Amino acid sequence: MFGLGGGSTPQVSSQQKLQAAEAELDMVTGMFNQLVNQCHRKCINKAYNESDVTKQEAICLDRCVSKYFETNLQVGENMQKLGQSGAFMGRQ
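The structure displayed is predicted, hence computed values, not measured ones.

Reading guide: rules and limits
Residues numbered from 1 in each chain as written. Predicted model: local features only at pLDDT ≥ 70, side-chain atom pairs only at ≥ 80, totals over all residues. Heavy atoms only, no water. Helix = DSSP H or I, 4+ residues; strand = E, 2+ residues; numbered from the N terminus. Buried < 20%, exposed > 50% of the residue type's maximum accessible area, 1.4 Å probe, protein only. Lys, Arg positive; Asp, Glu negative; His and termini not counted. Salt bridge = Lys/Arg side-chain N within 4 Å of Asp/Glu carboxyl O. Contact = heavy atoms within 4.5 Å. Phe/Tyr/Trp six-rings, centres within 6.5 Å; stacked < 30°, edge-to-face > 60°. Core = buried A, V, L, I, M, F, W, Y, C linked by side-chain atoms within 4.5 Å.

Looking now at the side chain of Glu-57. Relative to the elements of secondary structure, Glu-57 occurs in helix 2 (residues 55-85). With no salt bridge to any partner, buried Glu-57 finds its closest opposite charge in Lys-46, at an N-O distance of 7.9 Å. Apart from residues lying up to four places away in sequence, Glu-57 is in contact with Cys-43, Ile-44, Asn-45 and Asp-52.

Given below as structure tokens:
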């Protein structure tokens, strides 16, 4: 009762869930677009001499995508650790 103990958790409204889902979709879309732009710029020959992706370009793209996701995962884990320790944003 009145938020003092009782074990009840605040209910999340449908509108809040929808807003959270939209924010997450925007974040994932932004990450995907960055990935495509960075790896395309790095790996694809701008002359477009071949109609298909070359073996060298495919290997570069594979490595680029792998590194991008691995780095993103590591940054996320480090941010989570900082947030849990209270060191993030100058809190301690």
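Turning next to the packing of aromatic side chains. A complete count under the given rule lists one aromatic pair for this structure. Considering the side-chain rings of Tyr-68 and Phe-69, the 6.2 Å spacing of their centres and the 85° angle between planes classify their relative orientation as edge-to-face. Of the residues examined, Phe-69 reaches a relative accessible area of 46% and is grouped as partly exposed.

Looking now at the nonpolar core. Of all hydrophobic cores here, the largest spans five residues; its members are Leu-35, Cys-39, Cys-43, Cys-64 and Tyr-68. Taken together, the elements giving at least two residues each to this core come down to helix 1 (14-43) and helix 2. If one sorts the elements of this core by residue count, helix 1 sits on top with three residues. Once residues within four sequence positions are removed from consideration, Cys-64 is found in contact with Cys-39 and Cys-43.

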